Amino acid sequence: MSCFVEIDGSYLEGGGQALRNALALSVVLNRPVRVIKIRANRPKPGLSHQHLHGVNLLRDISNAEVKGNVLHSTELTFTPHTIIGSMYKVDTRTAASITLVYQMVMPVLLFAGTTSRIDVMGGTNVSYSPQVEYMQQVLLPNLKRFGVNFDLKVLHYGFYPRGNGRCVLEVAPVRSLNAVQINDFGQFRAVRGSAYYSGRLPKCIAFDMQHSAEREIHRLWPDHECTIHVFKHPPDKARDNGAGIILTAVTSTGCIMGVATVGEKNIDGHMIGSNSSCELAGYIKNDICVDAHMQDQLIIYMALAKGCSSIRSGALTKHTRTAIYVAELMAGVKFNIEYGNFGQTLISCEGIGHCNAYM
Ligand SMILES: Nc1ncnc2c1ncn2[C@@H]1O[C@H](COP(=O)(O)OP(=O)(O)OP(=O)(O)O)[C@@H](O)[C@H]1O
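Residues numbered from 1 in each chain as written. Predicted model: local features only at pLDDT ≥ 70, side-chain atom pairs only at ≥ 80, totals over all residues.

Going by an unreviewed UniProt entry, the protein chain carries the name RNA 3'-terminal phosphate cyclase and comes from Drosophila mojavensis. Annotation of the protein chain in UniProt includes, under Sequence similarities (unreviewed entry), the sentence "Belongs to the RNA 3'-terminal cyclase family. Type 1 subfamily." Regarding the protein chain, the UniProt comment filed under Catalytic activity (unreviewed entry) reads as follows: "a 3'-end 3'-phospho-ribonucleotide-RNA + ATP = a 3'-end 2',3'-cyclophospho-ribonucleotide-RNA + AMP + diphosphate". (UniProt positions renumbered as here; feature names shortened; annotations may be inferred.)

Structure below.
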């Protein structure tokens, strides 16, 4: 009988997240895994640069035996042996999302014996992935509740198609993760954010994003603070053209929801600003404590934490259901979903209370 847990990468979302979570859990739990039909629902299935660099980084961190770690591969077996906290460097030579490489290794580095430092070159602000500001301003405060601490420095911002971005992530290990309750919205306090531009793009793009976003929030909540700063990345921080916005909403109970969007070709600043603020307003109106992207990103931590975690979010995304599928198979946990009246969901799970074997 095979000793591999088999994960079907075509299930539900059928993107790279199933692979990232499966491999991260494989290392943390020391369980060999086989991932089949990798990214089957994407236009170009199989491993792209981002995934391949993540797999090879995780191989080095865990001294794993790997088969299938080549570009476009749709099947992979991964047998980890250890977790080595250390300094690592990855140059993707593309605009591959740096934050998605970090998404793969972060849960693992928490269970190393010492602090790790991961220097990655690629894209910091790339579509369909967490913007680097989202990781700093939304992921970090949410993960702090689990007892996680990381420091993410951006040495250079990088955009599609050139890349040229560079970040350094430092992750401190934990003995175990706390269970969290992120389900009490409290009172809406403020919206804060920034709109940036770089390279040869005109400043009006960032001001259009700012004005449209502030107008929408002030229209709905005239008495609440809404502060969006506009700035240009200096040339030594961003060589290429790029523009985007990050908005966060904070509540009296410490909930932080975020929306971060990077402009693509023919950027319409007004459109980005108003779409982003409408998305954020939807969370505030419905007392949602965890935004649609944080929802799937917290699943792996809930599965590993000690005790029962619960998060109050909006409608379940396919990414979240995929993350739950992987966590249940790999860690043997069970997630429970309760549905509210206005599309809210309460996602809960009794975590396995994984303990760090290297501390
Ligand atoms: N705007 C965003 N803000 C925050 N997180 C995001 C944003 N867009 C995508 N994400 C996150 O990025 C991850 C993308 O997962 P997905 O499976 O689509 O991976 P992928 O490797 O990009 O695959 P693919 O290239 O197959 O799309 C998810 O965790 C999702 O929540």
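Comments concerning the packing of helix α1 (residues 16-29) against helix α2 (residues 49-62)
For the pair α1 and α2, the least separation of the axes is 11 Å and the interaxial angle reads 0 degrees. Judged by the angle between their axes, α1 and α2 are roughly parallel. The residues of α2 that touch α1, namely those facing G16, L19, R20, L23 and V27, are H51, G54, V55, L58, I61 and S62. A per-class count over the contact of α1 with α2 returns 6 nonpolar, 4 polar and 1 charged. (Axes fitted to C-alpha atoms, helices over the stretch in contact; angles between N-to-C directions. Helix = DSSP H or I, 4+ residues; strand = E, 2+ residues; numbered from the N terminus. Parallel < 35°, antiparallel > 145°, perpendicular 65-115°, else oblique. Contact = placed C-beta atoms within 7 Å. Nonpolar A, V, L, I, M, F, W, Y, C, P; charged D, E, K, R; others polar.)

Concerning unusual backbone geometry
Look at the link from Y160 to P161: it is a cis peptide, with omega at 5 degrees. The topology assignment puts P161 in the loop between β7 (150-156) and β8 (165-171). Of note, the phi angle at R39 is positive, near 50 degrees, even though the residue is not glycine. Tracing the backbone shows R39 in the loop between β2 (33-36) and α2. Look at R39 and you get buried, because 24 C-beta atoms sit within 10 Å. (Buried ≥ 20, exposed ≤ 12 C-beta atoms within 10 Å, placed from the backbone.)

Considering the site of the ligand
In the region of the ligand, 16 residues are neighbours, and G15, G16, Q17, P130 and H293 sit closest. Mapped by element, the contributors of at least two residues to the shell around the ligand are α1 and α7 (292-304). Broken down by element, the residue count for the shell around the ligand peaks at 3 residues, all from α7. Taken together, the residues of the shell around the ligand sort by class into 5 nonpolar, 7 polar and 4 charged. (Near = placed C-beta within 6 Å.)

Topic: the domain arrangement of the protein chain
According to the domain assignment, the protein chain consists of domain 1 (1-82), domain 2 (84-174), domain 3 (177-183 + 289-359) and domain 4 (188-285). Listed as interface residues are 15 residues of domain 2 and, on the opposing side, 16 residues of domain 4. A per-element tally of the side of domain 2 that touches domain 4 places helix α4 (residues 132-144) first, with 6 residues. Here the residues of the side of domain 2 that touches domain 4 sort into 6 nonpolar, 7 polar and 2 charged. (Domains from an automatic or database assignment.)

As for α4
Helix length check: α4 (13 residues) gives 17 Å between terminal C-alpha atoms against 18 Å at 1.5 Å per residue, within 8%. Taken as a whole, α4 carries its principal kink of about 30 degrees at V138; the proline P141 stands between one and four residues after it. What α4 keeps buried is the set V132, E133, Y134, M135, V138, L139, N142 and L143. Buried residues belonging to α4 abut α3 (98-109), β7, β8, β12 (242-251), β13 (256-262) and α7. (Expected span 1.5 Å × (residues − 1). Bend = angle between axes of the 7 residues up to and from the residue.)

A few points about the nonpolar core
Within the largest apolar cluster, 106 residues are counted, with the highest numbers of intra-cluster contacts made by A22, L23, L58, V105, V108 and A327. For this core, the leading source of residues is α3, giving 9 residues. Not counting the four nearest positions on each side in its chain, L23 is found in contact with V33, V55, L58, F78 and M104. In this structure, A96, V126, F159 and V262 belong to the second largest nonpolar core, which totals 5 residues. (Core = buried A, V, L, I, M, F, W, Y, C linked by C-beta atoms within 7 Å.)

Side note on the sheet that holds β2
Taking strand neighbours across the sheet as the criterion, the 4 strands line up as β1-β2-β4-β3 in an open arrangement whose pairing is mixed. Each of the sheet's edge strands pairs with one partner strand only, and the pair in question is β1 (5-8) and β3 (65-67). Here the strands of the sheet are splayed against their neighbours by 15 degrees on average, with no regard to which way each runs. Bridging between β3 and strand β4 (residues 76-79) involves 3 bridges; their strand directions are antiparallel. Residue pairing for β4: K67 is matched across the bridge by T77. (Pairing = 2+ DSSP bridges.)

Brief notes about the sheet that holds strand β9 (residues 181-182)
Reading across the sheet, the 4 strands line up as β9-β14-β16-β15 and stay open at both edges, with mixed pairing between neighbours. Of all strands in the sheet, those with a lone pairing partner are β9 and β15 (335-339), marking the two edges. Two elements, β9 and strand β14 (residues 306-313), share 2 bridges in a ladder whose sense is parallel. Along β14, the bridge assignment pairs Q181 with S310. Lying over the sheet, α7 contacts β14 and β16 (345-352), oriented at roughly 30 degrees with respect to β16.

With respect to the UniProt feature "domain: RNA 3'-terminal phosphate cyclase" (unreviewed entry) in the protein chain
The UniProt entry lists residues 11-337 under the feature "domain: RNA 3'-terminal phosphate cyclase" (unreviewed entry), expressed in the numbering used here. Helix and strand shares over residues 11-337 are 35% and 26% respectively, and the end C-alpha atoms of the span are 19 Å apart.

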